[in-house]
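Each chain, letter by letter, is given below.
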Amino acid sequence: MNGILKKDLLVFGACLVLYAIVQGLIETDIIGPFWVLNIILICINIILVTSLNLINGFTGQFSIGHAGFMAVGAYLAAVCTVKLQLPFIVAILAGAAAAGILGFLIGLPTLRLSGDYLAIATLGLGEIIRITILNIPYVGGASGLMGIPRYTNFTWVFFATVLTVFFIKNLINSTHGRACISIRENEIAAEAMGIDTTRYKVLAFTIGAAFAGVAGALFSHYFYIAHPASFTFMKSFDILTMVVLGGLGSLTGSITASILLTFVSAALASYPEWRMVIYSLLLIILMLYRPQGLFGNKELSLKMFGRLMGGSKNGSANSN
């Protein structure tokens, strides 16, 4: 435990250094507004992708309705700040709680399904959430909820991202996380060993939904508006694409895929007519040559770099 704690403290220290550098570059206008926007999107995407990876990658379920929980967090947080004049932190927590509770209520009946049936059920539920919001005049209906204050900045999204990643990492390394992984590997064997599979699947689904709510709250308070068009099933597919690209069951893979795809999308912004074509071709090529994703279910670590460096040195020595 001491070793894990030391490693966590070192990583957290590195995160603080990274935050100080990026924040300094933003304040001195070395990083312009366009790239600030993309850095904010990267952080929001990391929250979404790591939380979905907890459900799909680590617990072995197939959910494609994550945008629905993001919408719940976005709208409820916006109502808290615009209508009720509550502090931003309260709005974020309220959005997370509402998305988590809804995830729990949806998870209880649907997570008895598996595979394609679960995917269809979660896709349908995500659309039900969006259409329901679309027909509520109190939150703007089809026009969306406008006039949301821009409370989200780099500081908020960065530390929310760090909290999300550390929480999910420690959950995975706990007994609860090991139970979720055992369900992914063999649900029948896990149940035979006395693991309450439904309980742990609902737990993963609830926590994943809650963090999607956090991402939604940050999203709506950066773009001034919460609109149903931002939370369609295509948004769920984008999140799922990043999960698969990074590797099912790899947090560092999720982070890398979020950064990579957000930057690729931003770099192709100058070529709108070719943007989706190039983006899609890159994904097809990667899936052909690396179907398990960038990292598979492995985590990027200093030990991995040490092995690679050791291997290359040994190879040089042998050649000599």
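Because the structure is a prediction, the values reported are computed rather than measured.

A. Molecular detail of the packing of aromatic side chains. Counted by the stated rule, this structure contains 17 aromatic pairs. Cation over ring: K83 sits above Y138, and NZ or CZ is 4.8 Å from the ring centre.

B. Examining the pattern of salt bridges more closely. Under the defined criterion, the tally for this structure stands at four salt bridges. Ionic pairing is found between K169 and D8, a salt bridge with its closest N-O pair at 3.1 Å. Of this pair, K169 sits in helix 6 (residues 154–172) while D8 is found in helix 1 (residues 2–27), placing the two residues 161 residues apart along the sequence. A residue is classified by how much of its surface remains accessible, and K169, at 23% relative accessible area, is partly exposed. A residue is classified by how much of its surface remains accessible, and D8, at 14% relative accessible area, is buried. The partner of R130 in a salt bridge is E127, with the nearest N and O atoms 3.0 Å apart. With R130 and E127 both in helix 5 (residues 115–134), this residue pair falls three residues apart, about one helical turn. When its relative accessible area of 22% is taken as the criterion, E127 is described as partly exposed.

C. Spotlight on the UniProt feature "transmembrane region" (unreviewed entry) in the protein chain. UniProt's entry tags residues 34–55, 62–78, 84–105, 117–139, 151–168, 202–224, 239–264 and 276–295 with the feature "transmembrane region" (unreviewed entry), counted in the numbering of this structure. Annotated as residues 62–78, this span is 76% helix and 0% strand, and its ends, taken at the C-alpha atoms, are 29 Å apart. The distance separating the terminal C-alpha atoms of residues 84–105 is 26 Å; by composition the span is 82% helix and 0% strand.

D. Here's a closer look at helix 5. Over its 20 residues, helix 5 runs 29 Å from end to end, which matches the ideal 28 Å to within 8%, given 1.5 Å per residue. Taken residue by residue, helix 5 has L118, A119, T122, G126, I129, R130 and I133 as its buried positions. The arc enclosing the buried residues of helix 5, seen along the axis, measures out at 105°, which places them on a common side. Counted as exposed and oriented over 90 degrees from the buried face of helix 5: D116, Y117, I120 and I128.

E. Inspection of the side chain of S220 at higher detail. Checked against the element boundaries, S220 lands in helix 9 (residues 197–220). Looking at S220, its side chain comes within polar contact range of the main-chain oxygen of A217, at 3.2 Å.

F. Structural detail: the packing of helix 2 (residues 33–58) against helix 11 (residues 251–267). At their nearest, the axes of helix 2 and helix 11 sit 8 Å apart, and the two run at 140° to each other. By the angle between their directions, the pair helix 2 and helix 11 is classed as oblique. Crossing of helix 2 over helix 11 shows right-handed handedness. Counted together, F34, W35, N38, L41, I42, N45, I46, V49, T50, N53 and F58 of helix 2 and L251, S254, I255, S258, I259, T262, F263 and A266 of helix 11 form the full contact between these two elements. Split into classes, the residues belonging to the contact of helix 2 with helix 11 amount to 12 nonpolar, seven polar and no charged.

G. Highlighting the side chain of T81. Mapped onto the fold, T81 is located in helix 3 (residues 66–82). At 2.7 Å, the side chain of T81 and the side chain of H221 are in polar contact. Each residue touching T81, except ones within four places of it in the same chain, is listed here: L86, F88, A91, I148, P149, Y151 and H221.

H. Structural view of empty space enclosed by the protein. Inspection of the entire model under this criterion finds one cavity of 30 Å³ or more. The calculated volume of the largest cavity comes to roughly 40 Å³. Here the lining of the largest cavity takes four residues from helix 5, the largest share from any one element. Within the lining of the largest cavity, the residues separate by chemical class into five nonpolar, four polar and no charged.

I. Quick peek at the layout of surface pockets. Put simply, the second largest pocket is a space of about 510 Å³. The wall of the second largest pocket is formed by 18 residues, among which L41, N45, D238, S265 and R275 lie closest to the centre. Of all the elements in the fold, those that place two or more residues in the lining of the second largest pocket are helix 2, helix 10 (233–246), helix 11 and helix 12 (272–289). With five residues, the single largest contributor to the lining of the second largest pocket is helix 2. Class assignment of the residues belonging to the lining of the second largest pocket gives a composition of 11 nonpolar, four polar and three charged.

J. Representation of a nonpolar patch on the surface. A surface patch of nonpolar side chains, amounting to about 1,100 Å² of accessible area, comprises Y271, W274, V277, I278, L281, L282, I284, I285, L288 and Y289. Mapped onto the elements, I285 comes out in helix 12.

K. Spatial organisation of unusual backbone geometry. Even without being glycine, D29 reaches a positive phi, approximately 65°. Within the secondary structure layout, D29 lies in the loop between helix 1 and helix 2. On the basis of relative accessibility, which here comes to 62%, the residue D29 falls in the exposed class.

Cut-offs used in this document
Residues numbered from 1 in each chain as written. Predicted model: local features only at pLDDT ≥ 70, side-chain atom pairs only at ≥ 80, totals over all residues. Heavy atoms only, no water. Phe/Tyr/Trp six-rings, centres within 6.5 Å; stacked < 30°, edge-to-face > 60°. Lys NZ or Arg CZ within 6 Å of the ring centre and 35° of its normal. Salt bridge = Lys/Arg side-chain N within 4 Å of Asp/Glu carboxyl O. Helix = DSSP H or I, 4+ residues; strand = E, 2+ residues; numbered from the N terminus. Buried < 20%, exposed > 50% of the residue type's maximum accessible area, 1.4 Å probe, protein only. UniProt positions renumbered as here; feature names shortened; annotations may be inferred. Expected span 1.5 Å × (residues − 1). Arc of directions from axis to C-beta. Polar contact = N/O pair within 3.5 Å; in protein donor to acceptor, adjacent residues only side chain to side chain. Axes fitted to C-alpha atoms, helices over the stretch in contact; angles between N-to-C directions. Parallel < 35°, antiparallel > 145°, perpendicular 65-115°, else oblique. Left-handed = near helix turned anticlockwise from the far one by under 90°. Contact = heavy atoms within 4.5 Å. Nonpolar A, V, L, I, M, F, W, Y, C, P; charged D, E, K, R; others polar. 1 Å grid on protein atoms, 1.4 Å probe; cavity = no way out; pocket = protein on both sides within 12 Å on 5 of 7 lines; lining within 4 Å. Points joined across faces, edges and corners; volume = space filled by probe spheres on them. Patch = residues over 30% accessible without salt bridge, like charges linked within 9 Å, V, L, I, M, F, W, Y side chains within 5 Å. Areas by Shrake-Rupley, 256 points an atom, 1.4 Å probe, with all protein chains shown as cover.

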